[in-house]
Every structure is written in structure tokens, then in C-alpha cells.
Amino acid sequence: MSMIDTPLMRGLERVLDLSAFRHQVIATNLANVDTPGYRTRDLRPFAGEIEQAMTGEEPSSTGPSFATQSFTPVAHEIRGLLERPDGNNVSVERESLLLAQNQLRFQVAVQFLKAEFHRLSSAINGGSTS
């Protein structure tokens, strides 16, 4: 194992990848807000996948599948949302909230990653902070 290949770094990588994929799914939902018949999609269960990514656990066979090196998250249709007469069930308010939460998770993961790189840099430089 190298200094960079740690469980924390792998977990953070997976969290960032998941967040980037979820951002894409949310953006697609928002882009289709006026598309008749479009159904809202999201990752299920997103919070559980973040937890698994950070603990290094392998996901269950019912969730999105992660390989050791990469993963393939799956977006599923969200049921139970209010549907308009044209069949579209995208809520701009819901998607905006999810987007803000996702951005916050991404920023937190980036801060953890920066702190880890700073810690490694400090160790390499013999404890100096420069």
C-alpha cells in the first residue's frame, strides 16, 4: 500500500465520484422539468452509499455496484412524487434542495481530501508546514 492508497483516500474518491454522478442526475432532472412524461430519477439510497464509501464496505447486491477501482451507480425512478397532468413529476424545489445538499457533501469531501494531502505533505517534509 502506498502513502496515498489508504482506505480514507479510496473512500473520499468514491464519495466524490458518487456526488459528481448524482449532480449529473439532478441536472438532468432539472433540464427535463418541462418534458411531458419525464420521471424524476435519483440514486437509491444515496446516504447509505456515502456511508459505505467512507467506511470502505462493499455495497450490498441491491444497491449501486462499486468495484475496487471504479463503480457504476444506477439512477432509479423516484416514486410517490406529485405528478402534473402532462405526466412529469419533476419538482424544481426538491431538485434544488438535493443539489444544494449534494454540493455541500462534495465540498466537505474536498476539504477532507485537502486535509489528508496536507497531512501527507507535512509528513514528507518532516513536520514543517511549508
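These remarks concern the structure in this document. Note that the structure is predicted; figures quoted are calculated from it, not measured.

Oppositely charged side chains may form a pair once their charged atoms are brought near each other. All chains considered together, the criterion is met by 8 salt bridges. The partner of Glu77 in a salt bridge is Arg39, with the nearest N and O atoms 3.3 Å apart. Placement of the pair is Glu77 in strand E4 (residues 75-77) and Arg39 in the loop between helix H1 (7-31) and strand E1 (41-43), with a sequence separation of 38 residues. Notably, a salt bridge pairs Glu95 with Arg94, separated by 2.7 Å at the nearest N-O pair. Taking the relative accessible area as the measure of exposure, Glu95 reaches 1% and is therefore buried.

Let us look at the side chain of Asp42. Its place among the elements puts Asp42 in strand E1. Residue Asp42 is classed as buried on the basis of its relative accessible area, which comes to 4%. Side-chain polar atoms of Asp42 contact the side chain of Arg22, separated by 2.8 Å. Look past the residues within four positions of Asp42 in its chain and what remains in contact with it is Arg22, Val25, Val74, Ala75, His76, Ile78, Arg94 and Leu98.

Let us look at the side chain of Glu116. Counting through the fold element by element, Glu116 comes out in helix H3 (residues 92-124). For Glu116, the side chain forms a polar contact with the side chain of Arg119, separated by 2.6 Å. Residues in contact with Glu116, not counting those within four places in the same chain, are Thr6, Leu8 and Met9.

Procedures and definitions
Residues numbered from 1 in each chain as written. Predicted model: local features only at pLDDT ≥ 70, side-chain atom pairs only at ≥ 80, totals over all residues. Heavy atoms only, no water. Salt bridge = Lys/Arg side-chain N within 4 Å of Asp/Glu carboxyl O. Helix = DSSP H or I, 4+ residues; strand = E, 2+ residues; numbered from the N terminus. Buried < 20%, exposed > 50% of the residue type's maximum accessible area, 1.4 Å probe, protein only. Polar contact = N/O pair within 3.5 Å; in protein donor to acceptor, adjacent residues only side chain to side chain. Contact = heavy atoms within 4.5 Å.

Nothing here speaks to function; it is geometry throughout.
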